[in-house]
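Fold and contact review
Spelled out from the first residue to the last, the chains are:
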Amino acid sequence: MNKFVYFLFFFIFLNFGFVYSKFEIINVTPTNKIISYPLRYTNTNCPINKYILVKNVTQQESISFINPASFLLTSSSDGVLFYHYNSLDIGKEESINFTINGIDTETGYLTVQYICKEVNVSLVTIDIIQQVTWSDHLKYSSIIRLNGVPDESPVPYADSVTINALGNSLFQILFKEVYYTKISPNLPQWDIDLQFTSNQVLKVTIPLNQSNPINNVAGIEVFKQNIIQYGGLFGGRLLLKSNSSIQRPIYTVLTLVDPFYYTMTPISGVAENITYYVNLNPLGAINQSFSLYSQKEDRSFEVIYETAIEFISSQITPYSTAIMNYDNSSNSIIFYTGVIDNISPYDFRPFLCKSKGGFDYGIRHSFPYGFISGNNINSKMAISIPMSPFSAKSGFKFSYNSIENPIEVFYTLVNSKTNPFILSVEKINIYGFKFLVIMNAGDNFGVKFIDTSINGVYFRIGSESLVYGDNKDGIWEFLHDGVNAGGDNLNVVSIENYYDMNQPYDPVNPFSTINPDQILVFPEIKLSDKVNFYSDIKDISFKFNNVHVTNQSVDNIMYFTFNNIENYKDLSIGFTLNDPKSLKDMNYQRDIINTVNSVEYTFAKWDQSNGRFGVMFKMPANVVPGVLDWSLTFSKYNILINTALPDQYQLKIISENIDIIGPVVTRVIKKTPSDFGTLNAGWLLTIEDDINGLMDGYVIIRGILDSSLYNFTISPSTAVSGSGDKWKADYLISIPLDGSSNNYGCITQDYRISTIELVDSFGNINRYFQNPPNGEIYSHSLIQQANPFYLFDDSVLVVSVDNSMCNSALDITGPTLSSFQISKTTIDVGSQDRSITFNFTAQDLESGLKDGQYPIIYITTQNLDMAQCISTIVSKTNTDSNFTCTMNVPIGFAYPLGFTISVYGFINNGGYYSGFSTDSIKALSPNAWFVSTDQYSMDIPVITSSTEITNQGGDLWLNGRGFNSVDTIKITYFSSNIITKPIGTSNKYNSALLISDIIATNDPFTIELINISPSKQSNVITITPVLYFFNYTDPIPTTLPTSTPTITPTTTPTTTSTVTIAPSETPPQTVTSIPTKSPIPTNPPQKCHGNPECGGLNQGACTSKGCICFSPWSGIDCSSKSVEVIPPIINGTGPSVEIPITGGGDDGSSTSGGLPPQIIYKTLVSVVSLRELDFKGKPIKTIPLNSWKYSEINQTISRYDTVLTVEGKEETVNVTTILRWFDKSSIVTFAGQQLKMNPSTIKFNIDITNYPFSAALNQLQLVMSATLLSLPGNNDDICSSKSFGDTTNGDDSNFIKLQVDDHSVYGRFLKRAIVDNLIVSVENVLLDDSLNTIESNTHTQQSFIGINIPHYNNFVSIDPDFSLLIDQNPVSKSSENSICPKGSGLSKGQIAGIVIGSTGFAAVIVVSIVYSIHKTKAKKKMISNIAKKMETMK
């Protein structure tokens, strides 16, 4: 027992030291362990880093020295923090005795022992967690566990791979292209040698999880562009056609021997005929070779194509040394101006400007910033940068494009020995992978910023993050992404004050005597050693699988759970799709530098009731068919990829088209004034997107001489009239060469397309930038994306205007600034009102200012933070232009020094520009060059942003500031439902606030934060939910056709019948299931209409898709009611019927037989024409149809047949139309869908046999016309209207409604048909703009509707129907699309006639509903009786 006490005493002595009366010496080194390992595999020794805290335990005494010698890091009244460094060879063991002596010789002791070891690979065992697996996300990757390798040991090294430590002895291995194209043999396993030190090498064999690839390349195209464009065409482009039968064939391009690789990505095509694309990027002005590798069936790679491009770069005269001008006349802020002359030529490339040097990331800008005079042949720049009037340092430099200019000491040089300091840091994982980092820092002169870099990415935390106190003693809060950024490879964390004094901190070690247990490593997600997601994950399923994504995006849910579920319930698990389109949308890139860009995650939610996770996501349309790739991310490198999982866990998709690239320019025609016939120049661009079609876009043009800018919007509505549609059309870009009002004329210069962005209907974006966004010289996010001009070289982007078109002389005196005013000279940058307005006037007496050019205001801080405001023109004369600009200054911007102002971008008509730096503005307007920002309110609530929320409701995080000063939240929903509730103290921070229990809603809602006392209100932020609708349906079974329709009444005693409608030309067959070829579109959600909504409680109900109406009501607002009439009179010569309706007038008149006047509905339905459309939707054949053979099936069903001949074809086409009259409510089944037929409905079933198409991509169109009119009479005070759209009652159809007064005809057009015994999707379109409709007026409405049916071989059947309705609300001036007589109010009840025409797919049918009135002398009484009759039917 005595030995044990002695041993324990000795252990405490060695590890913790003794505490004597005055001093306590504590080892505060983080993760303090005796054993150390080398930092890198090449090292032969271990670094020994020890942090020693010395505390006074009796009286305060200055302590500045510890033995052995150590660095004093920081001190306070509590003690002193020392840092001691030593190194020890591998295999050695040593002890250090730390001592400190006080002035009265009392001494403190601490003994620390340490050992330097290396990993002994003979003791390491290997577990394969994930085999070598390919994914478009990570390329070839694997995860292994090296049992016996501690996390403190160095990450091992291996040739041609990247290794990331995951923690818990796990390692992710990313195989570089050089490994799998050249090194790896065609074996079922891959070998790597892991080198821990020179003596310890571990051989690892990892199985390859890949079936034998079959890669057939059908053709290769190369487009060479040898002019290096900064962020533009990126040199050359290579395309290949792949006939591979596997989903993910691998094609990669090697350039240089270094090497650099570019992986090709799919952009368009169909399965087994896919186009792959890659940019052949220039790495310098050199002759650069490129080799295309393709994977063979034995999994090895071979070179299948080689080429080379001689890259050259455009020359620009080196920038000259700047002339430095200084202004220190203000006590608040000073500034200097660097003037750079003789810039020749300028080609819009960005330039980098830095002030003071050091770790400053600077500002990168291009024209107009900085340019004060000249044109792009020879120009001059002046840049003003503010500074503090005081600094403790000298030797600063101003630099631009690597040209350095010393900054004179024009400020007050102070002698300061104190540095800023960080007192504490707190890291809170508030949602997903986001951490709230809370730092308490201070300085006697004020903290300017805190900065660092992670994996080479610069982070700076400035005054925008100050949420409490002030910059001398305050709290900074900011969000940090623990996965996309994380905390590995963190550089030194520095804090700098306004005297430019800087305090660096080693992020992995203590920084404070008060909180010695804290370190400054930025937070990252770390997993417990109990998390083994590959072995634990199970029960993966999807709400929808085997999903058709042809021409539609589908909302889906993934479900999954784990063994040992308690280890996972509280984890943030990020879901992403990893298919080529989704990666492209995220600007994902892992080529060149072999690093992963940021990823946007959707987070899974734990469902306690079902015991599983669920995550909602949107499946993209028209992507590569097969398996839709996804991944689950647990931490930065802990990623589960679907391709490593078995087949039962895969999400299968069917896609008949592949369209990932976005719209493309396929033809470019340059236009000159002779083409326009006016003084204009430009381009005619043909833009194509065969699958998705163009949605919108824009084009920016720059004048190459004067930098003038022209912005053009692109959309199908702006296409050249008659040139095409959204799939292919021409767009005219026209630049006015002489747009001035002073008749100065125009100058000779070239114009260039500098930017184009085109977006298709499913969100694919295709971009070209002459200069990359955000001023980045080399944007890795754009490297492997195609651009709209990839088919052309650089020359097509330039239009030249020579002196035969424009011959005005250059005006070499630029516009002058005649006045400049600002609305405020001081701003509270913590308030809600941070707006400032700039008003200024420019003048050019010679040529005048150019139209459509808008100067830009720049506000700048001494940290080179910058915000800008694009002006607008208030008024303009021949010589003068008045401009204005209002902007909101960002929160915390320029606190506390203030910001300076400059303005650039004035352009005249003579090819000359000008701009004005801060010194010029100060000379013109001494009170308008600077704005003070020393006011910074901390307790004013300001909401700046929020997290996303879906229409399912739930939790929402707000970001901003001042949230600790509010106690109430006010939520206003779309329906004016206002909810006010108190804010709790949990999950409430100065800059972040959790709002729980947001109700489910499809509509935007607003949030406002309130404090009751003292009264405070935040700004109001509008939240727009992300909409999810899980309405996808699997292929729908239907019945095979029979020769005649079968009508089977239900057995229940009701008036509803069940009717099965099938094509009429096929013999009777056994009822079987017909598959669906492609998913049938479902109607999108719609708002509920009507007042009251959906007609009130008795007429309809509001759902997420719109109004669901109760019988007999119908329509989008449930305000229309079916008209019940006696059966029609059948016409034996053609498909037409007469529908008599009894009624009477208010004057008591009657017919000659003493009966009330008859109102006859005569339905005339005509198949006007059958049109064959080419693959772009353009009609190439129109076949009129006008003769029919009639046969009666029974009293309510008639049949009409015709035979068509097609010009130039021997085959004939049979068309059969069945007319069915429904006198009571019935249920009809067609193409697997049950449809309700209201009373007095006419249904047309149109069957067409095989049609001899002219081309395999052509389709047919059935054109149907509907006309509604009122017969002549004293009915001048009525209105008419027309509407077309999606139904809301769940039948996923289109409707056309024509209304005159309070009568209407309602046509329903299904979005499905039976084609070659398959259920397929059809499209219904309005054709009123292309066909000759009668002129609509107050009495008449007509419309043409086309039913587009895809190419087929044998047979097609379609099934529209029409109903007669009386409307609760007559058409009035306030009705949508109404036509009314002048002075009319609400229309009165009128007797209307309905004519319905339908133009059929391959048939011409005529059925008309004619509304006739047998007039009598007692007309007033008749109208009264009809009005009463209408009222009874409502």
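Let me begin by describing the structure that accompanies this report. (Residues numbered from 1 in each chain as written. Predicted model: local features only at pLDDT ≥ 70, side-chain atom pairs only at ≥ 80, totals over all residues. Heavy atoms only, no water.)

1. Some thoughts on the sheet that holds strand S7 (residues 107–116)
Read from one edge of the open sheet, three strands run S2-S7-S6, paired in mixed fashion. The sheet terminates laterally at strand S2 (35–36) and strand S6 (93–101), the two strands that pair on one side only. Taken together, the nine bridges between S6 and S7 define a ladder with antiparallel strand orientation. The partner of phenylalanine 98 across the bridge, within S7, is leucine 110. (Pairing = 2+ DSSP bridges. Helix = DSSP H or I, 4+ residues; strand = E, 2+ residues; numbered from the N terminus.)

2. A word on the environment of glutamate 1323
Its location among the elements puts glutamate 1323 in strand S101 (residues 1323–1326). The partly exposed category is assigned to glutamate 1323, whose relative accessible area is 41%. As for glutamate 1323 and glycine 1346, which are separated by 23 residues in sequence, their C-alpha atoms are 8.0 Å apart. When neighbours within four sequence positions are excluded, glutamate 1323 is seen to be in contact with Gly1346, Ile1347 and Asn1348. (Buried < 20%, exposed > 50% of the residue type's maximum accessible area, 1.4 Å probe, protein only. Contact = heavy atoms within 4.5 Å.)

3. Quick notes on the sheet that holds strand S29 (residues 397–400)
Taken in spatial order, the four strands of this open sheet run S25-S24-S29-S30, and their pairing is antiparallel. The open sheet has two edge strands with one neighbour each: strand S25 (363–365) and strand S30 (403–406). In this sheet, adjacent strand axes meet at a mean angle of 20° when their direction is disregarded. Here three bridges tie strand S24 (residues 351–355) to S29, and the two strands are oriented antiparallel to one another. Note on S29: the bridge partner recorded for cysteine 353 is tyrosine 400. (Axes fitted to C-alpha atoms, helices over the stretch in contact; angles between N-to-C directions.)

4. Some remarks on the state of the cysteines
In the structure shown here, the tally under the stated rule is seven disulfides. The disulfide partner of cysteine 1088 is cysteine 1102, and the gap between their sulfur atoms is 2.0 Å. Looking down the S-S bond of the cysteine 1088 and cysteine 1102 bridge, the torsion is 95°, so its handedness is right-handed. Of the two residues, cysteine 1088 is situated in the loop between strand S79 (1057–1060) and strand S80 (1100–1103) and cysteine 1102 in strand S80; the sequence distance between them amounts to 14 residues. (Disulfide = S-S within 2.5 Å.)

5. Some details on the nonpolar core
If you look at the biggest cluster of nonpolar residues, it comprises 59 residues, and the most contacted ones within it are Phe820, Phe838, Ile857, Ile859 and Ile901. Ranked by size, the runner-up nonpolar core spans 52 residues in total, among them Ile565, Tyr588, Phe634 and Tyr1032. (Core = buried A, V, L, I, M, F, W, Y, C linked by side-chain atoms within 4.5 Å.)

6. Here we look at the packing of aromatic side chains
Considering all chains together, one arrives at 68 aromatic pairs under this definition. Arranged with centres 6.0 Å apart and planes meeting at 40°, the rings of phenylalanine 390 and tyrosine 499 form a pair that is tilted. One end of the pair, phenylalanine 390, is in strand S28 (residues 390–391); the other, tyrosine 499, is in the loop between strand S38 (493–497) and strand S39 (502–505), and 109 residues separate them in sequence. Its relative accessible area of 15% is what places tyrosine 499 among the buried residues. Judged by centre distance (6.5 Å) and plane angle (25°), the ring pair of phenylalanine 575 and tryptophan 630 falls under stacked. Placement of phenylalanine 575 in strand S43 (residues 574–577) and of tryptophan 630 in strand S48 (residues 630–633) is noted, with a sequence separation of 55 residues between them. Every member of this aromatic cluster is reached through a ring pair, and the members are Tyr346, Phe348, Phe351, Phe367, Tyr369, Phe371, Tyr858, Tyr904 and Tyr913. It is arginine 460 that lies over the ring of phenylalanine 449; its NZ or CZ is 5.3 Å from the centre. Residue placement shows lysine 618 over the ring face of tyrosine 1028; its charged tip is 4.3 Å from the ring centre. (Phe/Tyr/Trp six-rings, centres within 6.5 Å; stacked < 30°, edge-to-face > 60°. Lys NZ or Arg CZ within 6 Å of the ring centre and 35° of its normal.)

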